[in-house]
Amino acid sequence: TLIEAAREIMESSRWAALVTLAESGAPRARTMDPFPPDSQFVIWMGTNRLSRKVAEIRRDPRVLVYYQDPGGAGYVTIAGSARLVDDPVEKERRWKSEWDAFYPDREETYLLIAVTPERLEVVNYRAGVAGDSATWGVPAVEFERQ
C-alpha cells in the first residue's frame, strides 16, 4: 500500500525537513531528526522551546515534513498540523541520548512537536510506487481529520 511504501522511506531516513510558515507567510525549512511515525502516522520530533519553529507553529500549525529516500530517487511528503507537547512522560518516552549535548537543561528546554498528517504523497520506486508519467501526479493518501 502507499502507507507501507511511505513508512519504508520514513523509517530508513535519518533526517527529514520540517517546513513551517513565517509570519510573512514565507516557508522556512530546517533539518530535523524525527522518530519513526507512530501507529496513527503521527510524526514526533524534538526541539528547543526557544527556537524559531516553535513560534511559527504557535502562530500557524500548518507544516510539511519531507523525507528523501536514502537509497534512491523516492520521497515522502506529509502535510499536516503540528502541536507542541510539553508533557514530561511523552518527553521522556521520546528522547535520543545523542541529544544530551543540545539540551543540558532538558527539563526546561526540550519540547516535542507532534505532526498529525492530513495528506501524504509518496514515490518509492523500490516498492513500485511512481508518479503518473503523463501528468507527473504523485500517489497520495488523504487522512481523516480527528
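Predicted model, so just to flag it, every value in this text is computed and none were measured. (Residues numbered from 1 in each chain as written. Predicted model: local features only at pLDDT ≥ 70, side-chain atom pairs only at ≥ 80, totals over all residues. Heavy atoms only, no water.)

Draft legend 1. Focus on unusual backbone geometry. Here F41, not a glycine, exhibits a phi torsion of approximately 70°, which is positive. Relative to the elements of secondary structure, F41 occurs in the loop between strand 2 (27–32) and strand 3 (43–48). Given a relative accessible area of 3%, F41 falls into the buried group. With a phi close to 65°, W136 is a non-glycine residue in the positive phi region. Looking at the element boundaries, W136 is found in the loop between strand 6 (110–123) and strand 7 (140–142). Assessed through its relative accessible area of 72%, W136 is described here as exposed. (Helix = DSSP H or I, 4+ residues; strand = E, 2+ residues; numbered from the N terminus. Buried < 20%, exposed > 50% of the residue type's maximum accessible area, 1.4 Å probe, protein only.)

Draft legend 2. Layout of the pattern of salt bridges. Scanning the entire structure with this criterion turns up 16 salt bridges. Note that D86 is salt-bridged to R49, the shortest N-O span being 2.9 Å. Taken together, the residues D86 in the loop between strand 5 (75–85) and helix 3 (88–93) and R49 in the loop between strand 3 and helix 2 (52–59) connect sequence positions 37 residues apart. On the accessibility criterion, D86 (39% relative accessible area) is partly exposed. With a closest N to O distance of 3.9 Å, E56 and R52 form a salt bridge. Highlighted residues: E56 and R52, both in helix 2, separated by 4 residues, approximately one helical turn. For E56, a relative accessible area of 2% puts it in the buried group. Among the ionic contacts, a cluster of salt bridges with common partners joins R14, D33, K96 and E98. (Salt bridge = Lys/Arg side-chain N within 4 Å of Asp/Glu carboxyl O.)

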